[in-house]
Amino acid sequence: PSVRPNVWTYNNVLAALIRRGRLDEALGVWASLKQQAAQEQQQGGGVRADVVTVNTLLDGLLSAEPPRVREAELLFMEMVEGGTQPDEYTFSILL
């Protein structure tokens, strides 16, 4: 049997990439996660990003030099429209 990554796995990979200054690579992983989730949801399963996933990416985008504000805005809108509710940490990142 193969081991499939779950949201916790993805969150940790994203955080590690961002800590290492590899934000664009983290965004590539995010794109892959979304694509995989869309395909697997059609089959009744899949990994769904959570608020931690989005917060990790928001923090990375806004901590970048220079901050990638427009991308963070788009990600936040995608988060809300996708049904993931922001939490207190989300709003502290956005401030």
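Reading the values: the criteria
Residues numbered from 1 in each chain as written. Predicted model: local features only at pLDDT ≥ 70, side-chain atom pairs only at ≥ 80, totals over all residues. Heavy atoms only, no water. Helix = DSSP H or I, 4+ residues; strand = E, 2+ residues; numbered from the N terminus. Contact = heavy atoms within 4.5 Å. Areas by Shrake-Rupley, 256 points an atom, 1.4 Å probe, with all protein chains shown as cover. Lys, Arg positive; Asp, Glu negative; His and termini not counted. Charge placed at Lys NZ, Arg CZ, Asp CG, Glu CD. Axes fitted to C-alpha atoms, helices over the stretch in contact; angles between N-to-C directions. Parallel < 35°, antiparallel > 145°, perpendicular 65-115°, else oblique. Nonpolar A, V, L, I, M, F, W, Y, C, P; charged D, E, K, R; others polar. Salt bridge = Lys/Arg side-chain N within 4 Å of Asp/Glu carboxyl O. Buried < 20%, exposed > 50% of the residue type's maximum accessible area, 1.4 Å probe, protein only.

Colleague: Is there a simple way to think about the overall build of the chain in this case?
Modeller: Looking only at helices and strands, one finds five helices and zero strands in the chain. Helices (α) and strands (β) of the chain occur, in sequence order from the N terminus, as α-α-α-α-α. C-alpha extents for the chain along the principal axes are approximately 40 × 30 × 20 Å. Look at the contacts in the chain between residues 6 or more apart in sequence, and 59% of them connect residues 24 or more apart. On the chain, roughly 6200 Å² of surface is accessible, and the fraction owed to carbon and sulfur atoms is 55%. Charge centroids of the chain, computed over 8 positive and 12 negative side chains, lie 7 Å from each other.

Colleague: I tried to follow the packing of helix α1 (residues 7-19) against helix α3 (residues 51-63) on my own but got confused; where do I start?
Modeller: When two helices pack together, you describe them by how their axes are tilted relative to each other and by the distance separating the axes. Across the interface, α1 lies against α3 with an axial gap of 9 Å and an inter-helix angle of 10°. Considering their axes alone, α1 and α3 lie roughly parallel with respect to each other. Residue-level inspection shows Val-7, Asn-11, Leu-14, Ala-15 and Ile-18 of α1 in contact with α3, the latter providing Val-52, Thr-53, Thr-56, Leu-57 and Gly-60. Looking at the contact of α1 with α3 residue by residue, the classes come out as six nonpolar, four polar and no charged.

Colleague: How should I be thinking about unusual backbone geometry in this particular structure?
Modeller: Working note: non-glycine residues mostly have negative phi, and peptide bonds are mostly trans. The omega angle of the peptide bond from Glu-65 to Pro-66 is -10°, so this bond is cis rather than trans. The topology assignment puts Pro-66 in the loop between α3 and α4 (69-81).

Colleague: I'm lost on the pattern of salt bridges in this one. Help?
Modeller: Pairing between side chains of opposite charge can happen when the charged atoms of each approach one another. Tallied over the full model, the rule gives five salt bridges. For the salt bridge of Glu-25 with Arg-22, the shortest nitrogen-to-oxygen distance reads 2.8 Å. When the shortest N-O distance is used, the salt bridge between Arg-68 and Asp-24 registers 2.9 Å. Of the two residues, Arg-68 sits in the loop between α3 and α4 while Asp-24 sits in helix α2 (residues 23-41), which places them 44 residues apart along the sequence. According to the relative accessible area criterion, Arg-68 is partly exposed, its value standing at 22%. One salt-bridge network, held together by shared partners, links Asp-24, Arg-68 and Glu-71.

These figures come from the coordinates and say nothing about function on their own.
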